[in-house]
Amino acid sequence: MAHAYELRCRECGKRYDNAPLSICDECFSPLEVQCDLEAARNTFTREAIAKGPSSMWRYQALLPVPDDYVAPTPAGWTPLLRAPRLAERIGASNLYIKNDAVCLPTLSFKDRVVSVALANAQIFGFDTVGCSSTGNLANAVAAQAARLGLKSYILVPSDLEPAKILNTQVYGAKLVRIDGNYDHVNRLCSQIADRYHWGFVNVNLRPYYAEGSKTVGFEIAEQLGWRLPDNVVVPMAGGSLITKIRKAFRELIALGLVEEKEVRFFGAQATGCSPIATAVKTGADHIEPQRPSTIARSLAIGNPADGVYATRCIRESGGWAEDVSDVEIVSAIQELAETEGIFTETAGGVTTAVTARLYAHGRIRQDELTVTCITGNGLKTTDALAGAYELEAPVRPRLSDFETYLEEQNEEQELVFGGVRVS
Ligand SMILES: *Cc1c(COP(=O)(O)O)cnc(C)c1O
Ligand SMILES: [Zn+2]
């Protein structure tokens, strides 16, 4: 092998040299990157990783790029936080948040997958890149393409949140709004990638893109002091992230960086687009496509490319999947912000609400070490909170006016609490 990684068919195992390819020509199943673990045994050690950069590139030895690749954009290495106040609310006692709401450069975990995909776009010689996106991927491709000096075409469903549209255009990307949902957009991108010589990060570069998600799993293990958690709760759109966190844990076990352990995987979706959660709940082994209708637009993929693999990952691990309503999503966004000071987007509302339900239903026991993955930032979906808070009339800048204001507040409180003074 020229490189310490290659492509392999997930079903028939056929091997391919590295190329912008995502489907097996024998059996039409998806291709996956396979890294040569033996080749990485001397470079992928706890000590070497600790000396690496404070970014996802500290795990470069198990990412599909050449050994001498120098990443121009640091993404990842986001905080893993204990979440005691949220834990108390939902009946947990050992809960952590992996906070990719602060992933750089564009505030979602998609920065990780795009870093790896665009490295390969350059290796394959593409001067134009693109993606089909539900929002966060659009932002990440646009920003990183700008930094690499690549042209980008970003195709999105026309009803995307305004902040996600602006956060794509500002980088000089060509934003193409498509009159249809994500699944229409994605089908069109496959046709465009075939016709033009463009690198679409989640179409012809998808196997490379997907490997970037492994770094969420590597980080969780390292930040727990090279241990694996009991449970992980992961939001699902195409269903790739959840499977790659599992792949990361398995690679760490294979290389002896953590002790062997079967981590349970729990998937989170919005009820308005829940093809994977539905398959898990009904025990189906195929995915029934849905027409998405939810405020969690970043998860609104009705026909998920990795749905079957996500379902298998959850089932084999002894986990479960749940879906929550738009009303629950909004409450969970507020609850996470009020308890832990983390403002997440709608996808994080999904994950938080599902996490709460898993404890409530006894699917996760109180004392188990559980990591819930917050994958995007609330500043991108502020429209989800429209009307949630009233704006009071401004107070004049005088102490007496402020005192009057406080008195009025207290009177209101007394009314609310039936005349019982609460101080
Ligand atoms: C894309 C996305 C996901 C899900 O990723 P998949 O790998 O497609 O399942 C989760 N959260 C956010 C915020 C996303 O943008
Ligand atoms: Zn095959």
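Quick notes on the rules
Residues numbered from 1 in each chain as written. Chains lettered and ligands numbered in written order. Predicted model: local features only at pLDDT ≥ 70, side-chain atom pairs only at ≥ 80, totals over all residues. Heavy atoms only, no water. Near = heavy atom within 4 Å. Polar contact = N/O pair within 3.5 Å; in protein donor to acceptor, adjacent residues only side chain to side chain. Nonpolar A, V, L, I, M, F, W, Y, C, P; charged D, E, K, R; others polar. Patch = residues over 30% accessible without salt bridge, like charges linked within 9 Å, V, L, I, M, F, W, Y side chains within 5 Å. Areas by Shrake-Rupley, 256 points an atom, 1.4 Å probe, with all protein chains shown as cover. Salt bridge = Lys/Arg side-chain N within 4 Å of Asp/Glu carboxyl O. Helix = DSSP H or I, 4+ residues; strand = E, 2+ residues; numbered from the N terminus. Buried < 20%, exposed > 50% of the residue type's maximum accessible area, 1.4 Å probe, protein only. Expected span 1.5 Å × (residues − 1). Contact = heavy atoms within 4.5 Å. Domains from an automatic or database assignment. Buried area = accessible area lost by both parts, 1.4 Å probe. Donors = N, O, S within 2.8 Å, 3.2 Å for Na, K, Ca; no water. Tetrahedral: all angles 85-135°; square planar, octahedral: opposite > 155°, others 65-115°. Pairing = 2+ DSSP bridges.

A.B. asks: I would appreciate a short explanation of the site of ligand 1 in the present structure.
C.D. replies: Around ligand 1 sit 15 residues, and of these Lys110, Gly238, Gly239, Leu241 and Thr375 come closest. With respect to ligand 1, the side chain of lysine 110 contributes an N or O atom lying 2.8 Å from an oxygen atom. A class-by-class count of the residues in the shell around ligand 1 yields seven nonpolar, six polar and two charged.

A.B. asks: Looking at this structure, how should I read a nonpolar patch on the surface?
C.D. replies: On the surface, Val395, Leu399, Phe402 and Leu406 cluster together to form a nonpolar patch covering roughly 370 Å² of accessible area. Inspection of the secondary structure puts leucine 406 in helix H15 (residues 399–416). Leucine 406 gets classed as partly exposed once you look at its relative accessible area, which sits at 41%.

A.B. asks: How should I be thinking about helix H5 (residues 136–148) in this particular structure?
C.D. replies: Think of an α-helix as turning once every 3.6 residues; residues three or four places apart then point the same way. Spanning 13 residues, H5 covers 18 Å between terminal C-alpha atoms, matching the ideal 18 Å at 1.5 Å per step. Here H5 lies mainly inside the structure; ten of its 13 residues are buried. Of all the residues in H5, the buried ones are Asn136, Leu137, Ala138, Asn139, Ala140, Val141, Ala142, Ala143, Gln144 and Ala145. Elements that come into contact with the buried residues of H5 comprise helix H4 (110–123), strand S6 (128–132), strand S7 (151–157), helix H6 (162–169) and helix H8 (206–211). Phi for glycine 149, located one or two positions after H5, is positive at around 75 degrees.

A.B. asks: Looking at this structure, I do not really get the domain arrangement of the protein. What am I missing?
C.D. replies: Reports often express the size of an interface as the amount of accessible area lost when the parts come together. Partitioning the protein into domains gives domain 1 (5–73 + 110–209) and domain 2 (80–107 + 213–385). Facing the 40 residues of domain 1 at the interface are 41 residues of domain 2. The largest per-residue losses of area from domain 1 upon contact with domain 2 belong to Arg46, Tyr59 and Arg112, which jointly make up 20% of the total buried on that side. With its nearest N and O atoms 2.6 Å apart, the salt bridge here joins arginine 206 to aspartate 306. Taken together, the links from domain 1 to domain 2 amount to 24 residue pairs in polar contact (both at pLDDT 80 or more). Of all the secondary structure elements, the ones that give two or more residues to the side of domain 1 that touches domain 2 are strand S3 (31–35), helix H2 (46–50), H4, H5, H6, helix H7 (182–195) and H8. Per-element tally for the side of domain 1 that touches domain 2: the top contributor is H5, with five residues. Broken down by class, the residue content of the side of domain 1 that touches domain 2 amounts to 20 nonpolar, seven polar and 13 charged.

A.B. asks: Even after reading the chapter, I still don't get unusual backbone geometry, so can you show me in this structure?
C.D. replies: Backbone geometry follows two general trends: most residues other than glycine have a negative phi, and most peptide bonds adopt the trans configuration. A cis amide bond links leucine 104 with the next residue in sequence, proline 105, at an omega value of 5 degrees. Note on placement: proline 105 falls in the loop between strand S5 (95–99) and H4. With phi around 50 degrees, tryptophan 77 is a residue other than glycine that occupies positive phi space. Its location among the elements puts tryptophan 77 in the loop between H2 and strand S4 (80–82). One non-glycine residue, tryptophan 226, adopts positive backbone phi at about 55 degrees. One can find tryptophan 226 in the loop between helix H9 (214–223) and strand S10 (231–235).

A.B. asks: Just checking my understanding: could you explain the coordination of the zinc ion (ligand 2) for this structure?
C.D. replies: Four donors placed tetrahedrally about a metal ideally form angles of 109.5 degrees, and six donors placed octahedrally ideally form angles of 90 or 180 degrees. Binding of the zinc ion (ligand 2) to the protein goes through Cys9 (SG), Cys12 (SG), Cys24 (SG) and Cys27 (SG), at separations of 2.3 Å. The site at the zinc ion (ligand 2) holds four donor atoms, and with the angles between them running 97 to 120 degrees, its shape is tetrahedral. Each donor residue of the zinc ion (ligand 2) belongs to the same chain, with the gaps between them written as C-x2-C-x11-C-x2-C. Placement of the pair is cysteine 9 in strand S1 (residues 5–9) and cysteine 24 in the loop between strand S2 (15–16) and S3, with a sequence separation of 15 residues. For the pair cysteine 9 and cysteine 24, one class covers both residues: buried.

A.B. asks: Explain the environment of alanine 393 to me, please; I cannot follow it from the model alone.
C.D. replies: Inspection of the secondary structure assignment puts alanine 393 in the loop between strand S13 (370–374) and H15. Its relative accessible area of 62% is what places alanine 393 among the exposed residues. For the pair formed by alanine 393 and isoleucine 154, sequence separation is 239 residues and the distance between their alpha carbons is 41 Å.

A.B. asks: Would you take a moment to explain the pairing of S1 for this structure?
C.D. replies: Along a regular strand, successive side chains alternate from one face of the sheet to the other. In terms of residue burial, S1 counts as a mostly covered element, since four of its five residues are buried. Pairing of S1 with S3, which is carried by five bridges, proceeds in the antiparallel orientation. Bridge assignment links glutamate 6 to a residue of S3, and that residue is glutamine 34. The pairing of S1 with S2 spans two bridges and is classified as antiparallel. Across the sheet, residue leucine 7 finds its bridge partner in S2, namely tyrosine 16. A loop of five residues connects S1 with S2, the two strands running antiparallel in sequence, and glycine 13 in this loop sits at a positive phi of about 80 degrees.

A.B. asks: Where do I start with the side chain of glutamate 222 in this structure?
C.D. replies: Mapped onto the elements of the fold, glutamate 222 is located in helix H9. Residue classification places glutamate 222 among the buried positions, given a relative accessible area of 12%. For glutamate 222, the side chain forms a polar contact with the side chain of arginine 58, separated by 2.7 Å. With near-sequence residues (within four places) excluded, glutamate 222 lies in contact with Ile49, Ala50, Arg58, Tyr59 and Trp77.

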